[in-house]
Amino acid sequence: MPTQDSNIERTTEYLAGILKLDPVIECDRLFSARARFLQLDSADSQPVTDLADQWNQREGLAQKISEIRIRFWREDVGCPEETLASLDCSQFPDLKHAAERLCTVAGSRQEFMQLVQDEHRDVDFAASLRKVLVAGPREAAAERDEAIDSIHDAQQLKKIKGMLRDLCESLPQVYGLETDWLDAVLRMRKRRRKNGSPVSNGGPMDFETDYIVTLVTTAVLYVLTAAAIMSVLTALSK
Amino acid sequence: MTDSATPPPDWSLLPHDAEAFFGLAPGFSRRDLKQKYSRLIKVYKPEKAPVEFQKIRAAFDQLAEPLRYGESIAIRDVTPASIFGQTSEVSSERPESLDLELRSTVSSPQKTAARIRRDSPATVYQELATRAGKTPFDYYALAVLSDTLPEFNPQWFFNWLLAGLRQFPEDPALLRMLHWYLRANVSPRSIRRILLVTASTVRNDRFYSLTEPLWDELLRTSPFEEFRQTLKHCESRLQDRRLEGRVAFLMHILKPALWKADGDWIEETFRIVDEHLGQVSRATEAEMELLNALREYIAVRSTFLNGHPLRSQIDQSIHDYCCLPPPQNAPRTSNASSVWHPTAVSYWKLFRS
């Protein structure tokens, strides 16, 4: 037990670090640190004197990443690649992952912006995609759901799919960050129209059926127009 | 863009953030979780990637347990400002005068951590221990500080958590601490005493979800009669008319208990589950079907084992699935003849039919 004078510093650092942890979300860290301090588990040992420093370091890094996320897409702010590269997140796997992800997007920021700002793109989905790419995991999950829910019709979906195919082709590293979700969007066929829509009042609508109906209607109109023109020409020729 | 091209999941998110690992949105359901889980284990099959499978399984269990008991895992969304008492429900037994005193002496993680650098842990401990109107954070600090006292007693940590929960029965941080303590630091010899003491403090339906792993361990390591008596004593201390936790617990414990319990206990427990199943919104037909199939299987198990040697492997696989803690209940071998538990149960169903 750390009760001798030589262990006072170790005990102080341990307590200063552990008392700052949030037991609701950091219980695993808390009990790992306790086990190491009490030597309940000799494996996976880590000097407890580092705990307080680590906590402060982690807090600082998380704050910087959060600031980068907020300003990531602002044009008046320089490219955040350099700032991200200067962050040493090697001790914190979750932050390391976040920084690497932001770095990937930052490396293609200009190309990405040009791609999604094309006038033929779906503006809302492009905005959601921008948010998802730089948000934290929890916010990104919510944003993905919102983006899917905001797709109303076949025309919109067609625009979105076009944009995603271009993204996959020209910026595969960015597409790769969201492959699961974006592949799911590309596979989408059925969507529900918004409530109150004059077309379906919220009933299910198959995009393919919608497309075929449009094609058939157009074809019929062409045939009728052609027949009318032919009739007029025939009448005139007589 | 096929499944094979899907990038691997972010393993670094485990074990801290299983929700993000599975890509789950806040407020996800058991069905959402199962969908994500199934998708991953199709790629990381237990016989091909046992290490990855075990990590996925552990993350699944971490999220599935609160869902099974109907608890909101939104506890993880508590903001730092609301931790430790600022939103906690104070026990009605708390004298009103203490609240006034609390306002003037309230401590915070930052203040206490700073004090530790000025004063000795024993001094801070003594001051907090004698303070009237302790906050939930005080109890947490006392638990942590008690580990560093010269007259160290490993039980004090647990005792301070319980003392805090007696005053603040709904405090999320103290509940989370107890949840982890009961999964990390209980020696097999102490299980019975810990269960009885916990039942005297957490006297509501949440008791079952908090203590579930201890019951699993007790059942594995002790005679069934000891398990039965302990459960009876603990339940006599609970004061909650809700049954959701109890039914979810019985459905869980029946799986291993079926292999050890006597017929009367099994019959009575099935009766309770059947009677109250409608009150448990999260109980699924599949789980009940599995329990019924297991019950039938165990009744004819000896006959089933008199046959091809493969049947012994199937039997072992079903037994491991029911009785061993995850991830040990995953398949033991990676050869082609190994059978995994759902397959084994399905095989049994085919045999039965």
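Before any of the text, the structure's been laid out above.
Computed from a prediction, not measured in an experiment: that's the story for all the values here.

A. The arrangement of the overall build of chain A in detail. Helix and strand content of chain A: 12 helices and two strands. In sequence order, chain A lays out its α and β elements as α-α-α-α-α-α-α-α-α-α-α-β-β-α. For chain A, contacts bridging at least 24 residues in sequence account for 63% of all contacts bridging at least 6.

B. Here's a closer look at the packing of aromatic side chains. All names here are of chain B. For the structure on display, the rule yields 26 aromatic pairs over all chains. Ring centres of Phe227 and Trp265 lie 6.1 Å apart, and the angle between their planes is 75°; this geometry places the pair in the edge-to-face category. Here Phe227 is found in helix H12 (residues 224–237), whereas its partner Trp265 is found in helix H14 (residues 263–276), with 38 residues between them in sequence. Taken as a pair, Phe227 and Trp265 share a single burial class, namely buried. Centre to centre, the rings of Tyr297 and Phe304 are 5.4 Å apart; their planes meet at 80°, and the pair counts as edge-to-face. The pair Tyr297 / Phe304 is uniform in exposure class, with both members buried. Three or more aromatic residues link up through ring pairs in this structure, and these residues are Phe207, Tyr208, Trp215, Phe224, Phe227, Phe249 and Trp265.

C. Fine view of the nonpolar core. Ranked by internal contacts, the top residues of the largest apolar core, which has 87 residues, are Leu19 of chain A together with Tyr140, Leu182, Phe207, Trp215, Phe227 and Trp265 of chain B. Not counting residues up to four positions away in its chain, the partners in contact with Leu182 of chain B are Phe158, Ile194, Leu210, Thr211 and Leu214 of chain B. Grouped together as the second largest cluster of nonpolar side chains are 42 residues, Leu133, Leu157, Val174 and Tyr175 of chain A included.

D. Just helix H13 (residues 244–257) of chain B, in detail. Residue and element names in this part refer to chain B. The terminal C-alpha atoms of H13 lie 19 Å apart, and with 14 residues this matches the ideal 20 Å at 1.5 Å per residue to within 8%. For H13, the buried fraction is high: 12 of the 14 residues fall into the buried class. Of all the residues in H13, the buried ones are Gly245, Val247, Ala248, Phe249, Leu250, Met251, His252, Ile253, Leu254, Lys255, Pro256 and Ala257.

E. Local environment of a negative patch on the surface. Among the surface-exposed residues, Asp145, Glu146 and Asp149 of chain A together with Asp32 of chain B lie close enough to one another that they form a single negatively charged patch. For Asp32 of chain B, the position within the fold is in helix H2 (residues 30–43). A residue is classified by how much of its surface remains accessible, and Asp32 of chain B, at 32% relative accessible area, is partly exposed.

F. Expanded view of the environment of Val132 of chain A. Tracing the sequence through the fold places Val132 of chain A in helix H7 (residues 123–134). Those residues in contact with Val132 of chain A that sit more than four places away from it in its chain are Arg101, Ala140, Glu143, Arg144, Glu178 and Trp181 of chain A.

G. Structural detail: the packing of helix H1 (residues 8–18) of chain A against helix H5 (residues 109–118) of chain B. Their axes nearest at 8 Å, the elements H1 of chain A and H5 of chain B cross at an angle of 170°. Taken together, the axes of H1 of chain A and H5 of chain B are roughly antiparallel relative to one another. Facing H1 of chain A, whose interface residues are Thr12, Glu13, Leu15 and Ala16 of chain A, H5 of chain B presents Ala113, Ile116 and Arg117 of chain B. When its residues are assigned to classes, the contact of H1 of chain A with H5 of chain B shows four nonpolar, one polar and two charged.

H. Seen up close, the side chain of Thr201 of chain B. Residue and element names in this part refer to chain B. As for its position among the elements, Thr201 is in helix H10 (residues 191–201). With relative accessibility at 13%, the residue Thr201 sits in the buried group. Once residues within four sequence positions are removed from consideration, Thr201 is found in contact with Leu162, Leu165 and Arg166.

I. Highlighting the interface of chain B and chain A. Contact with chain B, which involves 45 residues of that partner, is made by 41 residues of chain A. For the pair chain B and chain A, the number of links is three salt bridges. Measuring nitrogen to oxygen at the nearest pair gives 2.9 Å for the salt bridge that ties Arg117 of chain B to Glu13 of chain A. Along the contact surface separating chain B from chain A lie four residue pairs in polar contact (both at pLDDT 80 or more). Secondary structure elements with two or more residues in the side of chain B that touches chain A: helix H1 (18–22), H5, helix H7 (136–146), helix H8 (154–167) and helix H9 (172–184) of chain B. The element best represented in the side of chain B that touches chain A is H9 of chain B, accounting for six residues.

Thresholds applied
- Residues numbered from 1 in each chain as written.
- Chains lettered and ligands numbered in written order.
- Predicted model: local features only at pLDDT ≥ 70, side-chain atom pairs only at ≥ 80, totals over all residues.
- Heavy atoms only, no water.
- Helix = DSSP H or I, 4+ residues; strand = E, 2+ residues; numbered from the N terminus.
- Contact = heavy atoms within 4.5 Å.
- Phe/Tyr/Trp six-rings, centres within 6.5 Å; stacked < 30°, edge-to-face > 60°.
- Buried < 20%, exposed > 50% of the residue type's maximum accessible area, 1.4 Å probe, protein only.
- Core = buried A, V, L, I, M, F, W, Y, C linked by side-chain atoms within 4.5 Å.
- Expected span 1.5 Å × (residues − 1).
- Patch = residues over 30% accessible without salt bridge, like charges linked within 9 Å, V, L, I, M, F, W, Y side chains within 5 Å.
- Areas by Shrake-Rupley, 256 points an atom, 1.4 Å probe, with all protein chains shown as cover.
- Salt bridge = Lys/Arg side-chain N within 4 Å of Asp/Glu carboxyl O.
- Lys, Arg positive; Asp, Glu negative; His and termini not counted.
- Charge placed at Lys NZ, Arg CZ, Asp CG, Glu CD.
- Axes fitted to C-alpha atoms, helices over the stretch in contact; angles between N-to-C directions.
- Parallel < 35°, antiparallel > 145°, perpendicular 65-115°, else oblique.
- Nonpolar A, V, L, I, M, F, W, Y, C, P; charged D, E, K, R; others polar.
- Polar contact = N/O pair within 3.5 Å; in protein donor to acceptor, adjacent residues only side chain to side chain.

Coordinates in, geometry out; function isn't part of it.
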